[in-house]
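One-letter residues, chain by chain:
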Amino acid sequence: MAEKQKFQAIRGVRDLLPPETALWNRVEQTAHDVFATFGFGEIRLPIFEVTELFARSIGADTDVVSKEMYTFVAHSSKYQEELYSEIEEAYDDSIRSGDENLFLTPARKFIDGLEASLKGGEIGLTAGTEAALQSLTSTFRRYEQALEDPNLKGEPELEILRHELFFGCWDCPLGETITLRPEATASVCRAYIQHGMHSLPQPVKLYYLGPMFRRERPQKGRYRQFYQIGAEVLGGTDAPAIDAEVIEMVVTFFARLGLEGAKLDLNSIGCRECRPEYVKLLKAELSKPEIKDKLGADSQRRIETNPLRVLDSKLESEQPVIEKLPRIAEHLCPACAAHYASVKHNLVLRNVAYHENWRLVRGLDYYMRTTFEITAPGLGSQNAVCGGGRYDGLIEILGGLPTKGIGFAIGEDRLILSLQEAGKSPAPRRLDVYVAWMGEKTYDTAVRAARALRGAGFAVELPATAQKFGKALGHADKLGARYALILGEDEVASGQWTLKTLSDGSQSKFTEPQLLAHLKL
Ligand code: HAM
């Protein structure tokens, strides 16, 4: 007998179950409702994209791109697909016919094809490609020799080699590198360019919701598959009113959900003109031995790779040093300083409370000027429930026309956790009617009653098999039903159905139309 296997969801991913999913649905429905009142339309994006899209947008040196992406090689061009499907077919034919020779020529063709396309540059050379090709060629030679060896005819060794050769071809890391999306801003920008959205009335306001994937160390509020609700505004202007309205929309959404105690941190990290100057200054300051020596290994490394990220450090021992570093707000160019001042003014106009945090730099490279983050209570160390900012120029980096952009993404898992901690889960929907049918002769009527009640919008449980009266009522109670509709042979014959109110045990008789009218009251 096959061994029983106990499958578990893999580390860092989880199932969302009822009744909790009712809260997820409420949150998502509220997002649809609130975002529509701000004129946003929903965009549904693919779960995976070419790796290059994320690497170019988010930045190769960021944590997300350098260590957290789920990336794999997918055969993508028609030519590659043909090669792979031919080899698969030949492998199956060879197994089916028991003739190992049948696999030799297609395998040779596969290897030659790959070599030629690599040389011709039609297929991208990815890490490990050459090593894989070498090993494939050597397996092929061993297979060829084994086929000529009369002593090996019919031996399992041949089969093993054929298997090795096939999987060598199949797993050959050639083709497009694909990544499960770690965030969605890059995809929205890709879609904006791809669908020529610059010719739509500007700005284009889009929102999305769905799963994202990052290989982070799992903990409370941090998962490898997590969910975001995000929005982006793309168009020709970077008017500060847009920044403020986007933030106002998140704040309105949180208020509608009853989320209390959320705190908005705001900063401006300058533009391509003033930021490099500030980064230079910061780097020089951080490199001074009296400062560098007081920093931990991570921050010391970041002095070279990304000095701004040192400001992000939560390490207790580094805080006094960081507090004394030069602040970007004092080094913004006049245009950025005016933009930042206007964003703040626009937030005040909209009654949105903010807290200026000069150390808020965010972990993705595409940001410029406005950055913001919202933290919520009840989450422990992973308390950022929303992050966002302006990313003018990203569309150009991706090959589009000069375009301004700003947006945010809310961590839905964290939002839900915070709402749950605050006791904001909705009461699960109650079962209205349990149809207790007694005996086969009553079944037709029970089905009809269930259809009519569900049609009128009631939640109905219709047991699939006949039950004894006591057991049926016990089951109805356990499910938390408000009523049991009792259908015995008498009820069916007279057309007078018995409705029992389970909270007080009272009973009344109704015809079908009377019953519907009574329940609707
Ligand atoms: P982010 O700060 O990387 O920004 O992510 C936004 C939010 O997603 C975080 O504040 C957090 O709530 C949630 N989040 C991130 N990683 C995880 C995780 N492993 N587990 C649970 N929740 C997580 C972005 O993704 C940008 N695309 C936001 C944006 C949109 N900026 C401009 N437009």
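The sections below set out a description of the structure shown in this document. (Residues numbered from 1 in each chain as written. Predicted model: local features only at pLDDT ≥ 70, side-chain atom pairs only at ≥ 80, totals over all residues. Heavy atoms only, no water.)

1. As for the overall build of the protein chain
Rules: Elements are defined by DSSP. Helices are runs of H or I of four residues or more, strands are runs of E of two residues or more, and each kind is numbered from the N terminus. Based on C-alpha atoms, the radius of gyration is set beside the globule rule, defined as 2.2 Å times the residue count to the power 0.38. Contacts are residue-level and defined by heavy atoms, with any inter-residue pair within 4.5 Å sufficient. To measure how exposed things are, a 1.4 Å probe is used in the Shrake-Rupley method; for residues, cover is taken only from the protein chains shown. His residues and chain termini do not enter the charge count, which takes Lys and Arg as positive and Asp and Glu as negative. Lysine's charge is taken at NZ, arginine's at CZ, aspartate's at CG and glutamate's at CD.
Per the secondary structure count, the protein chain includes 20 helices and 16 strands. A compact globule built from 521 residues would reach a C-alpha radius of gyration of about 24 Å, whereas the protein chain, at 31 Å, exceeds it by more than 25%. Along the first, second and third principal axes, the C-alpha set of the protein chain runs to 90 × 85 × 50 Å. Taking as baseline every contact in the protein chain between residues at least 6 positions apart, the subset at least 24 positions apart corresponds to 72%. Here the protein chain displays about 26,500 Å² of accessible surface, and carbon together with sulfur accounts for 52% of that area. Where the 63 positive side-chain charges of the protein chain centre and where its 72 negative ones centre are 7 Å apart.

2. Structural notes on the sheet that holds strand E15 (residues 497–501)
Strand pairs in the sheet, formed through backbone hydrogen bonds, run parallel or antiparallel to each other. To keep things clear, this is the line we draw: Pairing between strands requires that DSSP locate at least two bridges from one strand to the other. Fitting a line to C-alpha atoms yields each axis, with helices limited to the stretch in contact; the angle taken between N-to-C directions then spans 0 to 180 degrees.
Strand order in this open sheet of five strands is E13-E12-E14-E15-E16, and the pairing throughout is mixed. The sheet is open, and its two edges are formed by strand E13 (460–461) and strand E16 (507–510), each paired on a single side. Bridge count for strand E14 (residues 483–487) against E15 is four bridges, and the pairing is antiparallel. By the bridge assignment, Leu 485 is partnered in E15 with Leu 499. Helix H17 (residues 443–455) rests against strand E12 (433–437), E13, E14 and E15 of the sheet, and its axis sits at about 145 degrees to E14. Helix-sheet contacts for helix H18 (residues 469–478) involve E12, E14 and E15, and the interaxial angle to E12 is about 170 degrees.

3. What to know about H18
Counted only if it meets this: Categorising residues by exposure relies on relative accessible area from a 1.4 Å probe, with only protein chains included: less than 20% of the type maximum marks a residue as buried, more than 50% marks it as exposed, and the intermediate range marks it as partly exposed. The arc in question is formed by the directions pointing from the helix axis toward the C-beta atoms.
What H18 keeps buried is the set Ala 472, Leu 473 and Ala 476. Viewed end-on, H18 has its buried residues packed into an arc of 95 degrees, placing them on one side of the element. Away from the buried face of H18 by more than 90 degrees, exposed residues Gly 470, Lys 471, Asp 477 and Lys 478 are located. Turning to H18, the residues buried within the fold contact E12, E14 and E15. Backbone geometry just downstream of H18 places Gly 480 in the positive-phi region, at approximately 75 degrees.

4. What about the pairing of E12?
Under the convention used in this document: Looking down the strands as they point away from the viewer, one classifies a crossover as right-handed if the path from the first strand across the helix to the second runs clockwise.
E12 sits mainly inside the fold: five of its five residues count as buried. Handedness of the β-α-β unit built from E12, H17 and E13 comes out right-handed. The sheet contact formed by E12 and E14 spans five bridges and is parallel. Looking at the pairing, Ala 436 lines up with Ile 486 of E14.

5. Looking at the nonpolar core
Quick reminder of the rule: In this description, a nonpolar core means a group of buried Ala, Val, Leu, Ile, Met, Phe, Trp, Tyr and Cys residues linked to one another through side-chain atoms lying within 4.5 Å.
Counting residues in each nonpolar core, the largest one holds 96 residues, and the members touching the most others are Phe 35, Phe 253, Phe 254, Phe 408 and Leu 415. Element by element, the count of residues in this core is highest for helix H9 (residues 240–257), at nine residues. Excluding residues that lie within four positions of it along the chain, Phe 35 makes contacts with Phe 40, Tyr 207, Ile 229, Met 249, Phe 253 and Phe 408. Residues Leu 136, Phe 140, Leu 152 and Leu 158 belong to the second largest nonpolar core, which totals 26 residues.

6. Concerning the packing of helix H2 (residues 51–58) against helix H8 (residues 185–194)
Inclusion rule: Angles are sorted into four bins: roughly parallel if under 35 degrees, roughly antiparallel if over 145, roughly perpendicular if 65 to 115, and oblique for all others. Residues are grouped as follows: Ala, Val, Leu, Ile, Met, Phe, Trp, Tyr, Cys and Pro are nonpolar; Asp, Glu, Lys and Arg are charged; every other residue, Gly included, is polar.
In contact at an axis separation of 9 Å, H2 and H8 are set at 110 degrees when each is read in the N-to-C sense. If you check the angle between H2 and H8, you find them roughly perpendicular. Where H2 abuts H8, its residues Leu 53, Phe 54 and Ser 57 lie against Ala 186, Ser 187 and Arg 190. Taken together, the residues of the contact of H2 with H8 sort by class into three nonpolar, two polar and one charged.

7. A word on the packing of helix H4 (residues 78–97) against helix H7 (residues 156–170)
The line we're drawing: A crossing counts as left-handed when the near helix is turned anticlockwise from the far one by less than a right angle, and as right-handed when that turn is clockwise.
The N-to-C vectors of H4 and H7 enclose an angle of 165 degrees; their axes lie 10 Å apart at closest approach. Viewed along their axes, H4 and H7 adopt a mutual orientation that is roughly antiparallel. For the crossing formed where H4 meets H7, the hand is left-handed. Of H7, the residues touching H4 (which contributes Tyr 84, Ile 87, Glu 88, Tyr 91, Ser 94 and Ile 95) are Arg 162, His 163, Phe 166, Phe 167, Cys 169 and Trp 170. A class-by-class count of the residues in the contact of H4 with H7 yields eight nonpolar, two polar and two charged.

8. What to know about the site of the ligand
Heads up, the condition is: Nearness here has a simple test: a residue counts as near a molecule or strand if at least one of its heavy atoms is within 4 Å of that partner. Here a polar contact is recorded for every N or O atom pair within 3.5 Å, except that within protein the pair must consist of a potential hydrogen donor and a potential acceptor, and residues adjacent in sequence are included only if both atoms are side-chain atoms.
Around the ligand there are 27 residues in total, and Glu 183, Glu 216, Glu 232, Tyr 367 and Ala 384 lie nearest to it. Between a nitrogen atom of the ligand and a side-chain N or O atom of Glu 216, the distance comes to 2.7 Å. In this structure, a nitrogen atom belonging to the ligand sits 3.0 Å away from a side-chain N or O atom of Tyr 366. About the coverage of the ligand: the protein hides 95% of its 660 Å² of free accessible area. Every element with two or more residues in the shell around the ligand is listed here: strand E6 (225–235), strand E10 (384–390) and strand E11 (404–411). Looking at the shell around the ligand residue by residue, the class counts come to 12 nonpolar, eight polar and seven charged.

9. Some details on the environment of Ala 241
Relative to the elements of secondary structure, Ala 241 occurs in helix H9. Its relative accessible area of 30% is what places Ala 241 among the partly exposed residues. With 196 residues separating them in the primary sequence, Ala 241 and Trp 437 have C-alpha atoms 62 Å apart. Contacts of Ala 241, omitting those with residues within four sequence positions, involve Asn 346 and Arg 350.

10. Examining the packing of aromatic side chains
The condition that has to hold: Each aromatic pair joins two rings of Phe, Tyr and Trp (for Trp, the six-membered one) with centres within 6.5 Å, and gets the label stacked for planes under 30 degrees apart, edge-to-face for over 60, and tilted for any other angle.
Under the defined criterion, the tally for this structure stands at 18 aromatic pairs. Ring centres of Trp 24 and Tyr 227 lie 5.4 Å apart, and the angle between their planes is 75 degrees; on these two criteria the pair is classed as edge-to-face. Of this pair, Trp 24 sits in helix H1 (residues 20–37) while Tyr 227 sits in strand E6, and the two are 203 residues apart along the sequence. Judged by centre distance (6.3 Å) and plane angle (80 degrees), the ring pair of Phe 48 and Phe 72 falls under edge-to-face. Taken as a pair, Phe 48 in strand E2 (residues 48–50) and Phe 72 in strand E3 (residues 71–74) lie far apart in primary sequence, 24 residues in all. Judged by its relative accessible area of 47%, Phe 48 is partly exposed.

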